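A closer look at the structure
So the chains spell out like this:
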Amino acid sequence: MEQKKVESNAGNWKEYTRVLLPPVRDLHRLDVYEKQGGYSALRSVLKGDKWDPKSVGDAVKSSGLRGRGGAAFNAGLKWSFMPPVDERPRYLCCNGDESEPGTFKDRQLMEYNPHLVFEGILIAAYSMSITTTFIYVRGEYADWIKHMEGELKKAYDKGFVGKNIMGTDFSTDIVIHKGAGAYICGEETSLMESLEGKRAYPRSKPPFPAAYGVFGMPTTINNVETLACVPLIIDRGADWFAGIGAKTHAGPLLYGISGHVNRPGVYEYPSGMLMTDLIYDVCKGMRGGKKLKAVVPGGSSTPVLRADMIEGVCMDSDSLRAVGSMLGTGGMLVMDEDTDMVKWLRRVSHFYHHESCGQCTPCREGTGWLEDLVGKIDDGEGNLRDLDILIDLCYQMEGRTVCALADAAAWPVRYTIDRFRSEFEAKCRASHVATGDLQIA
Amino acid sequence: MSGHGAEIVTLPKINPADAIPADKLVFTAEEKAQLQEYKSRYPEAEGAVMRGLWFAQEKFGFLPPEVIRLVADELGIEYARAYGVATFYTQYYKQKMGKYVLDVCTCFSCQVCGGYDMLHHLEEKLGIKPGETTDDGLFSIQGVECLGACGSAPMLQVTNGPYVFNLTEDKLDALVDSLRSGKMPPFTSVTLPQDEEEMGGNRRSDAAAVATYQTPPVAGAVE
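Residues numbered from 1 in each chain as written. Chains lettered and ligands numbered in written order. Predicted model: local features only at pLDDT ≥ 70, side-chain atom pairs only at ≥ 80, totals over all residues. Heavy atoms only, no water.

**A short note on the pairing of strand S2 (residues 132–137) of chain A**
Residue and element names in this part refer to chain A. With six of six residues buried, S2 is to be regarded as a mostly interior element. Neither face of S2 is left uncovered, since the one carrying Thr132, Phe134 and Tyr136 and the one carrying Thr133, Ile135 and Val137 both have all their residues buried. Where strand S1 (residues 91–96) and S2 come together, six bridges link them in parallel fashion. The residue bridging Leu92 from the neighbouring strand is Thr133, located in S2. Relative to strand S3 (residues 173–178), S2 runs parallel, the two being bridged by six bridges. Across the sheet, Tyr136 pairs through a bridge with His177, a residue of S3. Once the chain exits S2 it traverses helix H7 (residues 142–157) before rejoining the sheet at S3, and the crossover so formed is right-handed. (Buried < 20%, exposed > 50% of the residue type's maximum accessible area, 1.4 Å probe, protein only. Helix = DSSP H or I, 4+ residues; strand = E, 2+ residues; numbered from the N terminus. Pairing = 2+ DSSP bridges. Right-handed = clockwise from strand over helix to strand, strands pointing away.)

Laid out in structure tokens, this is it:
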């Protein structure tokens with residue numbers, strides 16, 4: 001076989017020094033965080049003469065920081081959509097709902113470096129003149145919510161959050177909101193509905209959150225990891241940040257790797273790591289020496305890749321788009337040769353059926369049909385025509401609902417059938433026509 | 001045939017024995033103050049309904065309609081609004097559960113790492129199916145969606161509280177025994193694999209139990 005040219009977008013990653021989760025004991029404690037230079041970025045923003053709200057936003061924009069929650073939108077650009085300041089309150093939502101299956105990186109930030117998240121929030125709040133920030137954390141993370149609330153109180157007591165921060169005339173509040181178990185709340189508009197104390201039904205856009213957000217006020221929503229990058233950009237410069245990892249998707253990235261590898265877990269490396277480096281080098285290879293079969297690069301909704309498709313593919317949004325997938329949240333699931341892809345897809349479809357909020361018909365009904373049909377094939381009772389019905393169903397769901405949950409449910413079905421079709425066919429009855437149903441007179 | 005809609009949550013019939021007696025169906029002055037504090041965090045009272053329901057669930061164990069009404073009245077919001085929220089989110093218990101609810105993750109990362117084996121082991125050990133409660137009222141088990149701990153699969157959560165990682169059948173047996181004696185699992189801090197090389201694996205000196213990264217048990221069969 002011809003050797004493909006393999007080049008990583010992550011540069012010399014073996015020499016990489018961690019910045020989001022540096023190896024410092026008890027870094028979650030305010031005193032330790034401060035000793036490490038914590039809150040110096042906030043101080044220079046608020047008290048130095050180098051920064052004003054606009055230049056902070058410009059720095060974040062030019063750093064190339066893209067949202068880490070899945071959509072990979074330029075964070076600074078998103079901030080710039082906020083309308084000019086008027087008498088209304090303005091809100092920032094820090095999205096820590098983290099419910100995309102395969103994603104478990106934000107919890108590590110919340111536990112080990114909560115003050116970096118707070119500092120990022122405060123700098124963003126300064127840049128956008130935010131009145132209050134809501135950190136929406138999924139209800140399952142009860143222990144981590146308690147942990148963060150404890151640390152937040154210390155930051156309040158120290159005068160880093162609240163009224164007249166660091167003795168300046170800038171004031172802003174942070175409130176931690178506890179969810180109660182709903183995947184849909186990770187979607188930004190349903191997150192806002194949930195904050196308002198409603199059933200979390202996504203809203204139609206437009207109006208976009210910057211115009212009409214939570215409680216009807218101008219709002220920006222950023223992921224936990226996105227906001228954690230902000231103090232680093234202020235401290236070390238937009239150019240430094242832009243120089244890390246993949247050019248079009250710059251910065252450090254938390255890779256959450258799970259499944260059949262020897263060392264699963266969250267890893268911090270530059271963006272643009274080769275998938276093969278992550279699996280065979282970082283995670284020490286496949287468990288039990290098994291062969292790799294499939295990889296889901298960034299959470300359950302990102303299209304699955306066959307082992308033969310990941311050679312030379314880097315973990316950044318452009319590289320993954322080129323091979324027909326997405327970076328998503330960077331939560332990578334690795335599956336070995338023993339994995340039954342039909343059973344796996346059945347479980348994924350069950351997830352989306354369970355989590356559909358029920359607002360839009362194509363999703364509410366469609367996710368149920370997806371689960372039923374994949375289940376029928378898995379039970380050995382499907383026929384080949386069911387595969388076509390499934391693909392047709394995907395067409396009827398994608399892009400036809402208020403939010404992207406229907407798309408997220410359809411993509412795994414479409415791409416898993418496309419890329420592992422023989423496995424599905426092997427479980428189907430041979431005939432295209434259910435001849436047993438024919439009534440011939 | 002039945003429709004394919006997202007599960008419509010009809011409130012289960014509540015066993016009369018579980019009903020909360022009228023004289024117990026009150027918040028103390030202290031608890032009322034706490035609810036008002038939650039309310040003060042939001043620009044509109046409705047924002048506090050989720051915290052309010054959590055608070056009530058911790059006190060009463062579950063959320064029958066009369067408890068939902070109590071929360072709504074205390075926050076000064078519509079009962080229908082609070083009811084809608086209580087029935088939308090899966091972590092609010094609509095009926096009385098066991099003292100310990102074992103939420104076993106079976107979502108895709110845990111599925112391929114043997115999550116269902118763990119669930120079935122519990123079913124056998126406790127003699128109940130997912131969604132059921134043991135006769136002594138101690139345990140309920142559920143198969144749940146992703147709990148955000150995929151690197152430590154398979155795993156479970158005890159009553160919306162502590163996580164237990166890297167499950168094995170032996171670990172489950174030990175967990176059930178310790179819960180029977182009233183002992184909840186400690187908070188476990190799972191470090192990054194990189195920490196192991198760079199700082200000996202232990203990041204926190206204050207966590208009750210710090211589990212450094214460990215190679216998970218060999219994956220069970222895919223269910």
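What follows picks up the thread again.
**A closer look at the state of the cysteines**
In a disulfide, the sulfur atoms of two cysteines are covalently bonded to one another. Residue and element names in this part refer to chain A. In this structure the tally under the stated criterion is zero disulfides over all chains. Considering cysteine sulfurs only, Cys94 is the nearest to Cys93, which forms no disulfide, with 8.9 Å between them. The cysteine Cys314 is free of any disulfide, with Cys283 supplying the nearest cysteine sulfur at 16 Å. On the basis of relative accessibility, which here comes to 3%, the residue Cys314 falls in the buried class. (Disulfide = S-S within 2.5 Å.)

**Concerning the side chain of Arg347 of chain A**
Relative to the helices and strands, Arg347 of chain A is located in helix H13 (residues 341–355). A polar side-chain atom of Arg347 of chain A sits 2.7 Å from the main-chain carbonyl oxygen of Thr106 of chain B. If near-sequence neighbours (up to four positions away) are discounted, Arg347 of chain A is found in contact with Thr106, Cys107, Gln111, Tyr116, Val144 and Glu145 of chain B. (Polar contact = N/O pair within 3.5 Å; in protein donor to acceptor, adjacent residues only side chain to side chain. Contact = heavy atoms within 4.5 Å.)

**Notes on helix H14 (residues 361–378) of chain A**
Residue and element names in this part refer to chain A. With 18 residues, H14 should cover 26 Å at 1.5 Å per step; its first-to-last C-alpha distance of 25 Å lies within 8% of that length. Cys363, Gly366, Thr367, Gly368, Leu370, Glu371, Leu373, Val374, Gly375, Ile377 and Asp378 are the residues of H14 that are buried. Elements that come into contact with the buried residues of H14 comprise H13, helix H15 (384–397), helix H16 (405–419) and helix H17 (421–427). Where H14 terminates, the next one or two residues include Gly380, which has phi positive at roughly 80 degrees. (Expected span 1.5 Å × (residues − 1).)

**Notes on the nonpolar core**
Among the nonpolar cores identified, the biggest contains 199 residues, and Tyr39 and Trp344 of chain A together with Tyr89 of chain B are the most heavily contacted of them. Here the element with the most residues in this core is helix H6 (residues 114–128) of chain A; it accounts for 10 residues. Here Tyr39 of chain A is in contact with Leu30, Tyr33, Glu34, His115, Phe118, Glu119, Leu122, Ala155, Phe160 and Met166 of chain A, once residues within four sequence places are set aside. Residues Tyr100, Tyr116, Ile128 and Leu138 of chain B belong to the second largest nonpolar core, which totals 20 residues. (Core = buried A, V, L, I, M, F, W, Y, C linked by side-chain atoms within 4.5 Å.)

**Some words on the packing of H13 of chain A against H14 of chain A**
All names here are of chain A. In the contact formed by H13 and H14, the axes pass within 8 Å of each other and the chain directions differ by 160 degrees. Judged by the inter-axis angle, H13 sits roughly antiparallel to H14. With respect to the hand of their crossing, H13 and H14 are arranged in left-handed fashion. Here Val342, Lys343, Leu345, Arg346, Ser349, His350, Tyr352 and His353 of H13 come into contact with H14, specifically with Thr367, Gly368, Leu370, Glu371, Val374, Gly375, Ile377 and Asp378. Here the residues of the contact of H13 with H14 are counted per class, giving six nonpolar, six polar and four charged. (Axes fitted to C-alpha atoms, helices over the stretch in contact; angles between N-to-C directions. Parallel < 35°, antiparallel > 145°, perpendicular 65-115°, else oblique. Left-handed = near helix turned anticlockwise from the far one by under 90°. Nonpolar A, V, L, I, M, F, W, Y, C, P; charged D, E, K, R; others polar.)

**Re the sheet that holds strand S8 (residues 305–306) of chain A**
Residue and element names in this part refer to chain A. Here five strands make up an open sheet; going across it, the order is S6-S5-S9-S7-S8 and the pairing mixed. Two strands lie at the open edges of the sheet, namely strand S6 (265–270) and S8, each paired on one side alone. Sheet topology places strand S5 (residues 252–259) next to strand S9 (residues 331–336); four bridges connect them, and they run parallel. Bridging from a neighbouring strand, Ser258 pairs with Leu333 of S9.

**Observations concerning the interface of chain A and chain B**
Between chain A and chain B, the residue contacts involve 89 residues of the former and 73 residues of the latter. For the pair chain A and chain B, the summed buried surface comes to about 6,500 Å²; carbon and sulfur atoms form 54% of the total. Taken as a group, Tyr112, Ala180 and Arg347 of chain A account for 11% of the area that chain A buries against chain B, more than any other trio of residues on that side. A salt bridge links Glu196 of chain B to Arg263 of chain A; its shortest N-O distance comes to 3.5 Å. Where chain A meets chain B, there are 38 residue pairs in polar contact (both at pLDDT 80 or more). Here the element with the most residues in the side of chain A that touches chain B is H13 of chain A; it accounts for nine residues. Per-class residue counts for the side of chain A that touches chain B are 38 nonpolar, 26 polar and 25 charged. (Buried area = accessible area lost by both parts, 1.4 Å probe. Salt bridge = Lys/Arg side-chain N within 4 Å of Asp/Glu carboxyl O.)

**Thoughts on the pattern of salt bridges**
Residues and elements named next belong to chain A. Counted according to the given criterion, the structure contains 48 salt bridges over all chains. For Glu188, the salt bridge identified is with Lys205, shortest N-O distance 2.8 Å. In this pair, Glu188 sits in helix H8 (residues 188–195) while Lys205 sits in the loop between H8 and strand S4 (219–223), placing the two residues 17 residues apart along the sequence. Lys290 serves as the salt-bridge partner of Asp338, at 2.5 Å between the closest nitrogen and oxygen. Separated by 48 residues along the polypeptide, Asp338 in the loop between S9 and H13 and Lys290 in the loop between helix H11 (275–282) and strand S7 (292–296) bring together distant segments of the chain. By relative accessible area, which is 47% here, Asp338 ends up partly exposed.

**Here we look at helix H7 (residues 169–180) of chain B**
All names here are of chain B. The terminal C-alpha atoms of H7, which comprises 12 residues, lie 17 Å apart, in line with the 16 Å expected from a rise of 1.5 Å per residue. Along its buried surface, H7 packs onto strand S1 (100–105), helix H6 (115–126), strand S2 (139–144), strand S3 (156–158) and strand S4 (163–164). Gly182 sits one or two residues past H7 and shows a positive phi near 85 degrees.

**Here's the deal with the pairing of S1 of chain B**
Residue and element names in this part refer to chain B. Of all the six residues making up S1, six are buried; the element is thus mostly covered by neighbouring parts of the structure. Going residue by residue along S1, you find Tyr100, Leu102 and Val104 tucked away on one face and Val101, Asp103 and Cys105 tucked away on the opposite face as well. For S1 and S2, the ladder comprises six bridges, and the chain directions are parallel. Bridge pairing in S2 links Tyr100 to Phe139.

**A word on the confidence of the model for chain B**
Of all residues in chain B, 91% attain a pLDDT of 70 or more, and the chain-wide mean is 90. Counting interchain partners and residues more than four positions distant, the pLDDT-below-50 stretch residues 218–223 of chain B has 21 contacts. (pLDDT = per-residue confidence, 0-100.)

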